[in-house]
Amino acid sequence: MFEHMQKRHRVFFVYIGGESPLKEKYIDAASELIVYTYFFSASEEVVPEYVTLKEMPAVLVFKDETYFVYDEYEDGDLSSWINRERFQNYLAMDGFLLYELGDTGKLVAIAVIDEKNTSVEHTRLKSIIQEVARDYRDLFHRDFQFGHMDGNDYINTLLMDELTVPTVVVLNTSNQQYFLLDRQIKNVEDMVQFINNILDGIVEAQGGDSIWQRLKRIVFDAKSTIVSIFKSSPLMGCFLFGLPLGVISIMCYGIYTADPDGGYIEERYEVSKSENENQEHIEESKEQQEPSSGGSVVPTVQEPKDVLEKKKD
């Protein structure tokens, strides 16, 4: 049964021993992470002869043709250790996998290459990363995840920069920091030295999730979206951005050229002129109707109705 599980699953966890507080923690962790990996329990006689256990009970992870034993003192919380160790040491990376690796707290060393390019430089960097992952597993597996990625499109969005291919970049997917090469990688020793410089704090981390970096990412994402739209469909891009800009321009032009007081002044001028003409007409009518003798009384002349209405208006 154990050999069958080894052939079927690339990564799986096994609890060895009887009832104990460690088994209770193991069951709790398995209930939480069962959707991500595989969990089993067995007696000590089931495991292969090459497995050496210093104490019982124990929790082991089998992967990469070897095994690792959980050490509470060095590895901390059991659930966190399982979450870190549920991946193989070397993987073909993509965006979804990098997102999942963000929960492990590990740094991810990636050879960014073009798999269609068979030149020596591309194959050499990939081989160096694979060799470090295999030969320095015991030294780096707690802190590093290794792999390669085909193309630099996704990496460029994380770094907000154009990354030259081929190259090696180390990502901290939990806080969006990254480390670029401080040396030319010619062999495994150069890569090991680069990793040690990162662990020792010699290589400066770039990026991050500060407010400035978040604002910079918003601008970068907006710029990338606009450029991608115009590259894929220039006519659609012109319509999407040209039409709103045209409408806004017309509205601004209308507001700028409008005379808020001119119409009102002209209207008041016309009303005043009409009132003056009506007043002159009334005075002329009064002069014509004055009496020729002082004893006769002349009835007062009423103003025309239309004149009164105009004055009222």
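Here's a quick rundown of the structure. (Residues numbered from 1 in each chain as written. Predicted model: local features only at pLDDT ≥ 70, side-chain atom pairs only at ≥ 80, totals over all residues. Heavy atoms only, no water.)

On to the overall build of the protein chain, then. Each helix and strand counted, the protein chain has 13 helices and 10 strands in total. Out of the 313 residues belonging to the protein chain, those deemed buried represent 35%. A separation of at least 24 residues holds for 66% of the contacts in the protein chain among residues at least 6 apart in sequence. When the accessible surface of the protein chain is totalled, it reaches about 20700 Å², and 52% of it is carbon and sulfur. (Helix = DSSP H or I, 4+ residues; strand = E, 2+ residues; numbered from the N terminus. Buried < 20%, exposed > 50% of the residue type's maximum accessible area, 1.4 Å probe, protein only. Contact = heavy atoms within 4.5 Å. Areas by Shrake-Rupley, 256 points an atom, 1.4 Å probe, with all protein chains shown as cover.)

This part takes up the side chain of His122. Of note, His122 is situated in helix H6 (residues 120-135). Take His122: its relative accessible area is 7%, and that puts it in the buried class. Within the structure, His122 has its side chain in polar contact with the side chain of Asn117 (distance 3.3 Å). With sequence-adjacent residues up to four places away left out, His122 is seen in contact with Ile113, Asp114, Asn117, Val165 and Pro166. (Polar contact = N/O pair within 3.5 Å; in protein donor to acceptor, adjacent residues only side chain to side chain.)

Quick look at unusual backbone geometry now. Look at the link from Met56 to Pro57: it is a cis peptide, with omega at -5 degrees. Locating Pro57 in the fold gives a position in the loop between strand E2 (39-42) and strand E3 (58-63). Omega for the bond connecting Val165 with Pro166 falls within 30 degrees of zero, at 0 degrees, which places this linkage in the cis form. In this structure, Pro166 sits in the loop between helix H8 (153-159) and strand E8 (167-172). The backbone phi angle of Asp64 is positive, close to 55 degrees, even though this residue is not glycine. Note on placement: Asp64 falls in the loop between E3 and strand E4 (66-69). Of note in the backbone geometry, Glu65 takes a positive phi value of approximately 65 degrees without being a glycine. Here Glu65 falls in the exposed class, since its relative accessible area comes to 84%.

Before going further, it helps to examine the packing of aromatic side chains. In the structure shown here, the tally under the stated rule is 14 aromatic pairs. Note on Phe2 and Phe62: the rings are 5.1 Å apart at their centroids and 80 degrees apart in plane angle, and the pair reads as edge-to-face. You can see Phe2 sitting in helix H1 (residues 2-8) and its partner Phe62 sitting in strand E3, a full 60 residues away along the chain. Phe62 matches Phe2 in its accessibility class, with the two residues each being buried. Judged by centre distance (6.1 Å) and plane angle (45 degrees), the ring pair of Tyr50 and Tyr67 falls under tilted. A residue pair is termed long-range when its members are at least 10 positions apart, and Tyr50 in the loop between E2 and E3 and Tyr67 in strand E4 qualify at 17 residues. Taken together, Phe2, Phe12, Phe40, Tyr50, Phe62 and Tyr67 form an aromatic cluster joined through their ring pairs. (Phe/Tyr/Trp six-rings, centres within 6.5 Å; stacked < 30°, edge-to-face > 60°.)

Val132, Phe144, Phe146, Val170, Met191, Phe194 and Ile198 are the most contacted members of the largest nonpolar core, which has 24 residues in total. Of all the secondary-structure elements, those providing two or more residues to this core are strand E6 (107-113), H6, strand E7 (144-150), E8 and helix H9 (188-199). Look past the residues within four positions of Val132 in its chain and what remains in contact with it is Arg137, Phe140, Phe146, Val188, Met191, Val192 and Ile195. (Core = buried A, V, L, I, M, F, W, Y, C linked by side-chain atoms within 4.5 Å.)

For helix H4 (residues 78-85), a buried count of seven out of eight residues is recorded, marking the element as mostly surrounded by other parts of the structure. Inspection of H4 places Leu78, Ser79, Trp81, Ile82, Asn83, Arg84 and Glu85 among the buried residues, and these make up the whole buried set. In this fold, the buried residues of H4 make contact with strand E1 (12-16), helix H2 (21-33), E2, E3, E4 and helix H3 (72-75).

Our focus in this paragraph is the sheet that holds E6. Read from one edge of the open sheet, six strands run E5-E7-E6-E8-E9-E10, paired in mixed fashion. The two strands at the open ends of the sheet, each matched to only one other strand, are strand E5 (90-92) and strand E10 (206-207). As paired strands, strand E9 (residues 177-180) and E10 are joined by two bridges and run antiparallel to one another. Among the inter-strand pairings, Gln177 is bridged to a residue of E10, identified as Gly207. With respect to the sheet, H6 is in contact with E5, E6, E7 and E8, its orientation differing from that of E6 by roughly 155 degrees. Contacting E6, E7, E8 and E9, H9 crosses the sheet at an angle of about 120 degrees to E7. (Pairing = 2+ DSSP bridges. Axes fitted to C-alpha atoms, helices over the stretch in contact; angles between N-to-C directions.)

Right, let's talk about the pairing of E4 for a bit. One ladder, built from four bridges, connects E3 with E4; its direction is antiparallel. Bridge pairing links Lys63 to Thr66 in E4. Hairpin connection of E3 to E4: two residues between the antiparallel strands, including Asp64 at a positive phi of 55 degrees.

Inspection of every chain in the model, using the stated rule, returns seven salt bridges. Linking Arg134 and Asp135 is a salt bridge whose minimum nitrogen-to-oxygen distance equals 3.2 Å. A residue is classified by how much of its surface remains accessible, and Arg134, at 47% relative accessible area, is partly exposed. Several salt bridges converge on common partners, so that one network encompasses Glu74, Asp75 and Arg142. (Salt bridge = Lys/Arg side-chain N within 4 Å of Asp/Glu carboxyl O.)

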